[in-house]
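As a plain string of letters, each chain reads:
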Amino acid sequence: MPDYTLPFPGRELAEQELSYDPCYAKIPPEDRPGIVDAAWKKGEAAARRVFKESGGERDFLQIAEKSGLKICMQDVDYVVGRQRYFSDYLSGKNEINLYLKSIALWAEQNHMTIRDAQNVILSHEYFHVLECTKIGLTSREYQVPMLRIGALKIGSTGIRALSEIGAHAFARTYYELIQQEENGDERTTV
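In this report, the structure presented in the accompanying data block is examined.

## As for the sheet that holds strand β4 (residues 87-90)
In step 1: Spatial strand order, β1-β5-β4: 3 strands in an open sheet with mixed pairing. Where the open sheet ends on each side, the last strands, each with one partner, are β1 (70-74) and β4. Pairwise comparison of adjacent strand axes, ignoring direction, gives a mean angle of 20° for this sheet.
In step 2: Here 5 bridges tie β1 to strand β5 (residues 95-99), and the two strands are oriented parallel to one another. Directly across from Cys72, in β5, lies its bridge partner Asn97.
In step 3: Contacting β1 and β5, helix α4 (residues 100-109) crosses the sheet at an angle of about 55° to β5.
In step 4: The sheet strands contacting helix α5 (residues 114-135) are β1, β4 and β5, and the helix crosses β4 at an angle near 20°.

Here it is, written out as structure tokens:
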């Protein structure tokens, strides 16, 4: 079993993740806890389903390849502006890019092997694949007006942070299911 703490935000930080979304101010405060819970639960449920369907497979490279995804390993530290990217999913190409130098930096910072870091990043990205292919975009489950002029609301847009919250929940839950299975924990009911 890997000897590290999963460096993805847990449920306790999900509302903070929501606050980073550019549309955050458009979300009524009373709606925020509910939409965060819904996104988190969607990620958890997807992780349990994939864990069961894959027979508890630990290697997301195997899961991705069995799903027909192309994995492109790119030997770059991908930084745009002040944001470092570790991976992305190109739905039109059914392809996931892993940015190896970015992942290596993240692995070192979090005291992980590069292989474990790649696996965790790939599990996070796999949730986005599921959103596009099977479970629907979490970001579209709650809409806010694009523009509001008085009582007039023009257009609507989803909340991108909800997809990230779901992906964090997916990666964390999958990792916890692996730990429970390795520890012989009876609570691994999926």
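## Notes on the pattern of salt bridges
Where charged atoms of side chains with opposite charge meet at close range, the side chains can pair.
In step 1: Tallied over the full model, the rule gives 8 salt bridges.
In step 2: Put simply, Asp59 and Arg115 hold a salt bridge, and the shortest N to O gap is 2.4 Å. Taken together, the residues span a long stretch of sequence, with Asp59 in the loop between α2 (32-53) and α3 (60-66) and Arg115 in helix α5 at a distance of 56 residues.
In step 3: Given the relative accessible area of 22%, Asp59 is considered partly exposed.
In step 4: Bridged by salt links that share partners, the residues Arg11, Glu15 and Asp37 form one connected network.

## Examining the packing of α4 against α5
In step 1: Packing of α4 against α5 brings their axes to within 9 Å, and their N-to-C directions diverge by 110°. In terms of their interaxial angle, α4 and α5 are classed as roughly perpendicular. Our pair here, α4 against α5, has a crossing hand that is right-handed. From α4, Leu100, Ile103, Ala104, Trp106 and Ala107 reach across to α5, where they touch Ile114, Ala117, Gln118, Val120 and Ile121.
In step 2: Taken together, the residues that form the contact of α4 with α5 break down as 9 nonpolar, 1 polar and no charged.

## A short note on the layout of surface pockets
In step 1: Within this model, the largest pocket holds a volume of roughly 950 Å³.
In step 2: Every residue lining the largest pocket is counted, 31 residues in all, and those nearest its centre are Gln83, Tyr85, Phe86, His124 and Glu164.
In step 3: Residue assignment for the lining of the largest pocket shows that the elements contributing at least two residues are α1 (14-19), β3 (83-85), β4, α4, α5 and α6 (160-182).
In step 4: Considering each element in turn, the lining of the largest pocket owes the most residues, 6 residues, to α5.
In step 5: Residues of the lining of the largest pocket, tallied by class, amount to 13 nonpolar, 11 polar and 7 charged.

Here is what the cut-offs are and how they apply
Residues numbered from 1 in each chain as written. Predicted model: local features only at pLDDT ≥ 70, side-chain atom pairs only at ≥ 80, totals over all residues. Heavy atoms only, no water. Pairing = 2+ DSSP bridges. Helix = DSSP H or I, 4+ residues; strand = E, 2+ residues; numbered from the N terminus. Axes fitted to C-alpha atoms, helices over the stretch in contact; angles between N-to-C directions. Contact = heavy atoms within 4.5 Å. Salt bridge = Lys/Arg side-chain N within 4 Å of Asp/Glu carboxyl O. Buried < 20%, exposed > 50% of the residue type's maximum accessible area, 1.4 Å probe, protein only. Parallel < 35°, antiparallel > 145°, perpendicular 65-115°, else oblique. Left-handed = near helix turned anticlockwise from the far one by under 90°. Nonpolar A, V, L, I, M, F, W, Y, C, P; charged D, E, K, R; others polar. 1 Å grid on protein atoms, 1.4 Å probe; cavity = no way out; pocket = protein on both sides within 12 Å on 5 of 7 lines; lining within 4 Å. Points joined across faces, edges and corners; volume = space filled by probe spheres on them.

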